[in-house]
Each structure stands twice: as C-alpha cells, then as structure tokens.
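Chain by chain, the residues:
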Amino acid sequence: MSTQRKSPNRNWLLILGPGIITAALVFGPSKMTITSKMGADYNNDLLWVIVVAIFFMMVFTTMGARIGAQNKETLLTLIKKKFGKPVSILIGLGIFLVAISFQAGNSTGVAISIAEASGSDPKIWIVVFNIIGILLLFFKSFYKVLEKIMIALVLLMLLSFLTTAILIRPNLLEVLKGLVPSAPEGSIGLIVAFIASCFSLVGAFYQSYLVQERKKLSKTNAADGTERLSSRVGIIILGVMSAAVMICAANVLHPQGIKVTSASDMGKALEPLLGDYASFLFLIGLFGGSFSSLIGNAVLGGSLLGDTLGYNSDLNHKMVKVFISIVMIAGSIIALVFGSLPLELIVFAQSITIFLVPFIGITMYLIGNDKAIMGQHVNSPITKIWGALGLLLIIGLAISNFINLVG
C-alpha cells in the first residue's frame, strides 16, 4: 500500500503552479518600469488602473484555464479546427515573433539587477543567465522544474516588494484614494501602456497550455475547478506585486520629483532613504521578475511555435526545446549587440501586438462560448458580458496604439 508523502501545503503550491507561472511571465522588467513610472509621476492616483487591468486579466486567464482543463487538444488545435489552419499559424508565429522581440528586455533586466548589486559588467550576466535558462531544458521533466523555479521566484518577488513597501510606511489614506478612478493630466499614455501590458491576452492564451501540462503530471482528464483557483490566485499575486511597486515609487520617487527610465532606477532611489538593504531588496525583486520572464517568455514562444509546426507543445519534446533555446539565444544576442531593446524592434513588436492581441482575444472568447467544444464548462452569461467588455477595451487600446505608431 503506497503512502502519500507530499505535504498538503506543497500539493497546493503545485496546484497553483499554472497561475503563478502566468503571473511570473507577465511581471517582467518592462512592467516594473511602467508601474514605477506611474507611481513616480502621479503618486498613488493610478492605483485603480491596476484593479481594472487585473480584473479583465482574471476573466480571460480563467477562460484560458477552463479551455485547457476541458479539452485534450491544445488551444491552437481547437482554433485550427474552428477557424482554419491559416488562423492558427498566424497566431502561433505571431506570438513567437513577439516573444523574440521582447526577450532582449528580459535579458537586460536580469543582467542589470545583478550588475547593480555587484558592480560588475551586465553583459557577463546576460550570457550567464541565458546559458542557465538553456541548461534547465535538459532536465527530464522540464515543466516540473519550471513550476518550482517560478513559484520560488514569485515568492521571492512578493517578499522583496511587500517588505520594501512596508519599510516605506505609506500613507494608507492616500493609498485608498488612489483606488478612485481619475486621469491626471498627461497620464493617459501610462494608463494605456499599463493596461496593455498587464491585461496580457498572450499570457491568458498560454494559461490553457500550462493547465494541460499540469493535468499530465496529475494524470487527470476532467476539470475539477482547481485550474480556475490557480489562475485567479496567480493573477491576484500579479496585482499585489504591481501595487507594491507603485506604492514604493509613489512614496519614494514622487516626493523627490525623481523620474524613472528603468526599473533599476527604483532600486537606486531607495538607497538614500532606506539604505543599502532596501535597495538590495528591490534589486532582488527585479532579478526575480526578469529571470522568471526570461524563462517564461522563451517557453511560451518556443512551445507555441512547436504546436504551430506540428510538434505539439510538449515541453519535453526535443524540437520544442530547440525553439525555446532559439528565443533565449536571439534575445541575448540583441541585448549584447544593442545594449537594450532597439527602438526598431519595439515598433516591430508593437505593430504585431496591435493586430495580434485582439485576434487572440476574439478566438479565445468564441471557443469559450462554443458549447460543442466546452460542454458544461462553456462561458457563463456573466463571463460573456465581462469578456465582451474586455475585448472592447483591448480593441480600443489597439486603435490607440495604432494611432500613436502612425502619428
């Protein structure tokens, strides 16, 4: 007779794995930069934006989780059957190109976090951590390794950012006032940028794949509701981390009139006020966010390209590992050659994202509404309403970004 040796706490952490991986994937250095800038420029006034973005992200991430839990076939396969092969190829290749485009920023973020703390050359760390990322692919069960690393990094980020926010001793009344919607003069660009990056339909799309990877390990075929809990907890953690960073910036940078150009600026600004400890603590959080995004972004891009080209999305498939490595290598080369993300690449990534993201949202929404595919787990009437509003928001952001690109 076998005995269950895993502790209940450990089991729960692993059940929450897919949602936590999505949170780690979305919360990268660019998110920290935008969030820090919101707090530095507008105090706590834009905290409400986090609530809005997190709410709609939760709607679509939960939808993605249900699609993954209810079906043995991948989401791209379902899209191919419902909308045709060209649509699935467009989405798969588009996500792969976006992943490569943004990987340079993740490589730079992880390098700067170590270089700032140690006084060393960032280029060394770009190479080191991309090699570490590729070496992780050689583990027998890569998803298990990925899940454990992401849970550890998210817990590290939570500890870093929440501790820093507590050390700052923010004015709680001012924090609460920030939950009341307002748009201070000149803030629209930042509001759009944050919602567009936090309400990540690419992350919500990939949640379906992560849930299926977790199901393989759990050896279950039926949806039991834990996938929805996982996605919701993960996205709440994403919101808490975003709020903590914004509160830090609002209470440290805003009173001094310090402007933010990168996430590492936040760590430097903490030093005079709270000493080396707080600065070091924030840089640890920056490392966690950058390294988790470096791995997660590459896994997302590589596995979806594998699925697009007929290799399935199995993270233990040799070709999928090759595609994941390609994303890491391309990102590190761009970061080493250009020092950061080149403007041309940002424009390229934005131009793809503008047209791709609404497309992803619409296909997910229609599959979630399809009773033949989803059975009793079809989108509820309230999910249909909030999902439709979320799509309108994303389409509005896409139009706004398109006007900015051509303007």
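Please read these numbers as outputs of a predicted model, since none were measured by experiment.

So, the overall build of the protein
From N to C terminus, the protein includes 18 helices and zero strands. When each of the 407 residues of the protein is scored for burial, the buried share is 55%. Within the protein, contacts between residues separated by at least 24 positions form 84% of all contacts whose residues are at least 6 apart in sequence. A total of about 17,300 Å² of accessible surface is found on the protein, and carbon and sulfur atoms cover 67% of it.

Quick word on helix α4 (residues 47-70)
Taking 1.5 Å of rise per residue, 24 residues should cover 34 Å, and α4 covers 35 Å from first to last C-alpha, within 8% of that figure. The buried fraction of α4 amounts to 20 of the 24 residues, a majority that puts the element mostly inside the structure.

Details of the packing of helix α2 (residues 17-26) against helix α8 (residues 142-168)
The geometry of α2 relative to α8 is characterised by a closest axis approach of 9 Å and an angle of 60° between their N-to-C directions. Helix-helix and strand crossings are classified by hand; for α2 and α8 the assignment is left-handed. Judged by residue contacts, Gly17, Pro18, Ile20, Ile21 and Ala24 of α2 engage Tyr143, Leu146, Glu147, Met150, Ile151 and Val154 from α8. Residues belonging to the contact of α2 with α8 are distributed by class as follows: nine nonpolar, one polar and one charged.

Quick notes on the pattern of salt bridges
Side chains bearing opposite charge may pair, as long as their charged atoms lie close to each other. Counted under the stated rule, the structure contains five salt bridges. Between Asp41 and Lys37 there is a salt bridge, with the nearest N and O atoms lying 3.2 Å from each other. Taken together, the residues Asp41 and Lys37, both in helix α3 (residues 29-42) and four residues apart, mark about one turn of the helix. On the accessibility criterion, Asp41 (18% relative accessible area) is buried. You can call Lys37 partly exposed: its relative accessible area is 28%. When the shortest N-O distance is used, the salt bridge between Glu73 and Lys81 registers 2.3 Å.

A short note on the packing of α8 against helix α12 (residues 226-256)
Between two packed helices, both the angle of their axes relative to each other and the distance between the axes serve to describe the pair. Between α8 and α12, the shortest axis-to-axis distance is 9 Å and the interhelical angle comes to 35°. Crossing geometry of α8 relative to α12 is assigned as left-handed. Together, Val154, Met157, Leu158, Phe161, Leu162, Thr164, Ala165 and Ile168 of α8 and Ile237, Val240, Met241, Ala244, Val245, Cys248, Asn251 and Val252 of α12 make up the contact between the two elements. The class makeup of the residues in the contact of α8 with α12 is 14 nonpolar, two polar and no charged.

Focus on the nonpolar core
Residues Ile91, Ile95, Leu146, Phe205, Leu315, Ile324 and Ile360 are the most contacted members of the largest nonpolar core, which totals 113 residues. Other than its neighbours up to four places away in sequence, Ile95 contacts Val202, Phe205, Leu300, Leu304, Leu356 and Ile360. Grouped together as the second largest cluster of nonpolar side chains are five residues, Ala104, Ile126, Ile334 and Ala335 included.

With respect to the environment of Leu162
Following the sequence through the fold, Leu162 ends up in helix α8. Of the residues examined, Leu162 reaches a relative accessible area of 36% and is grouped as partly exposed. Remark: the alpha-carbon pair of Leu162 and Ala244, spanning 82 residues in sequence, is separated by 5.8 Å. Other than its neighbours up to four places away in sequence, Leu162 contacts Met157, Val240 and Ala244.

As for the packing of aromatic side chains
Per the stated rule, a full pass over the model turns up twelve aromatic pairs. When the centroid spacing of 6.2 Å and the interplanar angle of 65° are considered together, the rings of Phe56 and Trp386 count as edge-to-face. On the criterion of sequence distance, the pair formed by Phe56 in helix α4 and Trp386 in helix α18 (residues 381-406) is long-range, its members being 330 residues apart. Owing to a relative accessible area of 10%, Phe56 belongs among the buried residues under this scheme. Looking at Trp386, the relative accessible area reads 33%, which means it is partly exposed. Through a chain of ring-to-ring contacts, the aromatic side chains of Phe55, Phe56, Phe60, Phe199 and Trp386 assemble into a single cluster.

Section: the side chain of Lys321
Here Lys321 shows up in helix α15 (residues 318-338). Once residues lying within four places of it in the same chain are set aside, the contact partners of Lys321 are Leu137, Phe138, Phe139, Leu315 and Asn316.

Brief notes about the confidence of the model for the protein
The predicted model of the protein averages 82 in pLDDT, with 85% of residues at 70 or higher. The low-confidence segment residues 1-6, where pLDDT is below 50, has two contacts with residues more than four positions distant or belonging to other chains.

So, how was this worked out
Residue indices follow the written sequence of each chain, beginning from 1 at its first position. Residues qualify for local features only when their pLDDT is at least 70, as the model is predicted, and side-chain atom pairs are given and counted only at 80 or more; totals for whole chains, interfaces and linings, by contrast, use all residues. Just so you know, side-chain values use all the structure's heavy atoms and leave hydrogens and water out. Here a helix means four or more residues in a row that DSSP labels H or I, a strand means two or more in a row labelled E, and each is numbered from the N terminus. When a residue's accessible area, from a 1.4 Å probe over protein chains only, is under 20% of the maximum for its type it is buried; when over 50% it is exposed; and in between it is partly exposed. We call two residues in contact whenever any of their non-hydrogen atoms come within 4.5 Å of each other. The Shrake-Rupley method, run with a 1.4 Å probe sphere, supplies the accessible areas, and residue values consider only the shown protein chains as cover. Given the number of residues in a helix, its expected span is that number minus one, multiplied by 1.5 Å. Axis definition: a line fit to C-alpha positions, over the contact stretch in the case of helices; interaxial angles, taken between N-to-C directions, run 0 to 180 degrees. Two helices cross in a left-handed way if the nearer one is turned anticlockwise from the farther one by less than a right angle. They cross in a right-handed way if the turn is clockwise. Under the scheme applied, nonpolar residues are Ala, Val, Leu, Ile, Met, Phe, Trp, Tyr, Cys and Pro; charged residues are Asp, Glu, Lys and Arg; polar residues are all the others, including Gly. Salt bridges are counted wherever a side-chain nitrogen of Lys or Arg sits within 4 Å of a carboxyl oxygen of Asp or Glu. Residues belong to one nonpolar core when they are buried, are Ala, Val, Leu, Ile, Met, Phe, Trp, Tyr or Cys, and are joined through side-chain atoms within 4.5 Å. Note on ring pairs: Phe, Tyr and Trp rings are taken, using the six-membered ring of Trp, and paired if centres are within 6.5 Å. Classes follow the plane angle, with under 30 degrees stacked, over 60 edge-to-face and the rest tilted. One number per residue, pLDDT, summarises how confident the predictor is, and it ranges from 0 to 100.

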